[in-house]
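# Report on the structure
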Amino acid sequence: MPSLFSRYATPLVTGLFLVSLISGIALFFHVGTAAFHGMHEWLSMVLIVPFVLHVWKNWRAFLTYFKRLPMTISLALSLVAGLVFAWPSLTASGTGAGNPQIAMITLVTAARLGDVAALYHQSEDTFLSMLKDKGYTAATADMPLNDIATASGKSERDLVMTLVSLKN
């Protein structure tokens, strides 16, 4: 292994682990979520590279752990803990599965224009006019919003961004 990698693998693992640790704790307690979310995700991904270099550098010593019971127990407990958290999402079905914000967006964008107008405290005609002003030319009050977006040459993302911009 080149000496540069050898010299920096462990310090980078340590530094990036500390960033992941601190940002993870902040996210757990909902402190500075906007600041820590991207940092935690991206720098945890970056952590993979020095981790692999660290394992490569210490491969012989690392292999000896697999000859002992603590590594087997630790890996088994980690797998079980991961499954405990993942199992509800992996086995859920229907509208309750997955991210509740995405489920809500899907529900709203599949609703008829007339039904969504009430969420904006607007009449169907006023809401229809608001959408047409935003370029949803194929809009009619009895159509689902997704169909309106598609017929108007817009994506679901465009539709959601338009709905957010219409908020009072």
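Here goes a summary of the coordinates provided. (Residues numbered from 1 in each chain as written. Predicted model: local features only at pLDDT ≥ 70, side-chain atom pairs only at ≥ 80, totals over all residues. Heavy atoms only, no water.)

## Thoughts on the environment of Gly114
Quick reminder of the rule: Strands are runs of DSSP state E lasting at least two residues, helices are runs of H or I lasting at least four, and both sets are numbered from the N terminus onward. Only protein chains enter the accessibility calculation, which uses a 1.4 Å probe; a residue is then buried when its area is under 20% of its type maximum, exposed when over 50%, and partly exposed in between. In this description, contact between two residues means that some pair of their heavy atoms is separated by no more than 4.5 Å.
Its place among the elements puts Gly114 in helix 7 (residues 113–119). Its relative accessible area of 13% is what places Gly114 among the buried residues. Expressed as a C-alpha distance, the spacing of Gly114 and Asp147, which sit 33 residues apart in the sequence, is 13 Å. With residues near it in sequence (within four places) discarded, Gly114 still touches Glu124 and Ala141.

## Focus: the side chain of Thr162
By the secondary structure assignment, Thr162 is in helix 10 (residues 156–165). Taking relative accessible area as the criterion, Thr162 reaches 10% and is therefore assigned buried.

## Section: the pattern of salt bridges
Our working rule: The rule for a salt bridge is simple: a side-chain nitrogen of Lys or Arg has to be within 4 Å of a carboxyl oxygen of Asp or Glu.
Scanning the model with the defined rule gives two salt bridges in all. Here Asp115 and Arg112 are joined by a salt bridge, their closest N and O atoms 3.6 Å apart. Accessibility expressed as a relative area gives 45% for Asp115, which makes it partly exposed. With a closest N to O distance of 3.8 Å, Arg112 and Glu124 form a salt bridge. Placement of Arg112 in the loop between helix 6 (100–109) and helix 7 and of Glu124 in helix 8 (residues 124–133) is noted, with a sequence separation of twelve residues between them. Of the residues examined, Arg112 reaches a relative accessible area of 31% and is grouped as partly exposed. Residue Glu124 is classed as partly exposed on the basis of its relative accessible area, which comes to 33%. Salt bridges sharing partners connect three or more residues here, namely Arg112, Asp115 and Glu124.

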